[in-house]
Amino acid sequence: MKRPVTLTINGASRTVEVEPRALLVHVLRDDLNLTGTHIGCDTSQCGACTVLLDDDAVKSCTVLAVQADGHAITTIEGIGTAERLHPLQTAFWEKHGLQCGFCTPGVIMCAVDLLSRIADPSEAEIRHAIEGNLCRCTGYQNIVTAIQSAAAAMRAAKAEPRTAAFPSAKPAGQPAGAGV
Ligand code: FES
Ligand code: FES
């Protein structure tokens, strides 16, 4: 029997009727038409489905929609627009951080989490943060470069408040990466 679940999706409250066994990723894609969140496996390994649950990156195929009831969800659609990209989206474009792009939304959401906790991550910290996100195309180096570039841009924007486009600060949270 379905039950109502209320989520704050990308800043807007939405209530949907879901089966208790429904996974968050399916509700996002099938009920809310947020298809930027991808499904790349059925073993919780690929990270293509990564979203923010409140402030933390999670693999939305590992979360029941009913578990997210009352929480805020941020998807790739919620961080920027075509006219005003998030610095990570700009950096992935400029630094060729993608090829087919299938993994990209998940990687970017993981990086959003990372950069909200660590403004100037080391290469090792970046690689650790995205170790739960599989990319079959890029070899990862350009992804790391893109995240480093976005981090620099976000630090620069923060130093100039009038040009800061996107919020990046949040309270310290759990480490991202394999645990998501
Ligand atoms: S779809 Fe692969 S980890 Fe969620
Ligand atoms: S860009 Fe193709 S899977 Fe990552």
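This text follows the structure it describes.
Predicted model only: the values in this text are computed from it and were never measured. (Residues numbered from 1 in each chain as written. Chains lettered and ligands numbered in written order. Predicted model: local features only at pLDDT ≥ 70, side-chain atom pairs only at ≥ 80, totals over all residues. Heavy atoms only, no water.)

## Let's talk about the sheet that holds strand β5 (residues 72-74)
An order of β2-β1-β5-β3-β4 is seen for the five strands of this open sheet, with the pairing classed as mixed. Strands with a single pairing partner mark the edges of an open sheet, and in this sheet they are β2 (12-18) and β4 (56-59). Shown here is a sheet whose adjacent strand axes are inclined to one another by a mean of 40 degrees, direction ignored. Looking at chain direction, strand β1 (residues 3-9) and β2 are connected through seven bridges and run antiparallel. (Pairing = 2+ DSSP bridges. Helix = DSSP H or I, 4+ residues; strand = E, 2+ residues; numbered from the N terminus. Axes fitted to C-alpha atoms, helices over the stretch in contact; angles between N-to-C directions.)

## Focus: the packing of helix α3 (residues 104-117) against helix α5 (residues 141-159)
The relative placement of two packed helices comes down to the angle between their axes together with the axis-to-axis distance. The N-to-C vectors of α3 and α5 enclose an angle of 40 degrees; their axes lie 11 Å apart at closest approach. Comparing their axes, α5 and α3 come out oblique. Considering the relative orientation of α3 and α5, their crossing is right-handed. Two secondary-structure elements touch here, α3 through Val-107, Ala-111, Leu-114 and Leu-115 and α5 through Ile-143, Ile-147, Ala-150, Ala-151 and Met-154. Counted by class, the contact of α3 with α5 contains nine nonpolar, no polar and no charged residues. (Parallel < 35°, antiparallel > 145°, perpendicular 65-115°, else oblique. Left-handed = near helix turned anticlockwise from the far one by under 90°. Contact = heavy atoms within 4.5 Å. Nonpolar A, V, L, I, M, F, W, Y, C, P; charged D, E, K, R; others polar.)

## Side note on α5
Compared with an ideal rise of 1.5 Å per residue, which puts 19 residues at 27 Å, α5 spans 27 Å between its outermost C-alpha atoms and is within 8% of the ideal. Along α5, the residues that are buried comprise Ile-143, Val-144, Ala-146, Ile-147, Ala-150, Ala-151, Met-154 and Ala-157. Down the axis of α5, the buried side of the element spans an arc of 160 degrees, and every buried residue falls inside it. Turning to α5, the residues buried within the fold contact α2 (87-94), α3 and α4 (123-129). (Expected span 1.5 Å × (residues − 1). Buried < 20%, exposed > 50% of the residue type's maximum accessible area, 1.4 Å probe, protein only. Arc of directions from axis to C-beta.)

## Things to note about α2
When α2 is considered as a whole, its buried residues turn out to be Leu-88, Gln-89, Ala-91 and Phe-92. Looking straight down α2, one finds that the buried residues subtend no more than 165 degrees of arc, so they occupy a single side. Pointing more than 90 degrees away from the buried face of α2 are the exposed residues Trp-93 and Glu-94. Among the residues trailing α2, His-96 stands out with phi positive, at a value near 55 degrees.

## Focus on the pairing of strand β3 (residues 50-53)
Where burial is concerned, the two faces of β3 agree: the one with Thr-50 and Leu-52 and the one with Val-51 and Leu-53 are both buried. In this structure, β3 lies alongside β5, joined through two bridges in antiparallel fashion. For Leu-52, the partnering residue across the bridge sits in β5 and is Thr-74.

## Here we look at the packing of α2 against α3
Their axes nearest at 10 Å, the elements α2 and α3 cross at an angle of 125 degrees. Put simply, α2 runs oblique to α3. Crossing hand, α2 versus α3: right-handed. Contacts from Leu-88, Gln-89 and Phe-92 of α2 reach α3 at Thr-104, Val-107, Ile-108, Ala-111, Val-112 and Leu-115. When grouped by side-chain class, the residues that make up the contact of α2 with α3 number seven nonpolar, two polar and no charged.

## Quick notes on the nonpolar core
Within the largest apolar cluster, 26 residues are counted, with the highest numbers of intra-cluster contacts made by Leu-88, Phe-92, Ile-108, Leu-115, Ile-143 and Ile-147. Looking at this core, the elements that each hand over two or more residues are α2, α3, α4 and α5. Looking at which domains feed residues into this core, each of domain 1 (3-78) and domain 2 (87-160) supplies at least three. If we ignore the near neighbours within four places in the chain, the residues touching Leu-88 are Ile-108, Ala-111, Val-112, Leu-115, Ile-147 and Ala-150. Ile-9, Leu-24, Ala-65 and Val-66 belong to the second-largest nonpolar core, a separate cluster that totals 19 residues. (Core = buried A, V, L, I, M, F, W, Y, C linked by side-chain atoms within 4.5 Å. Domains from an automatic or database assignment.)

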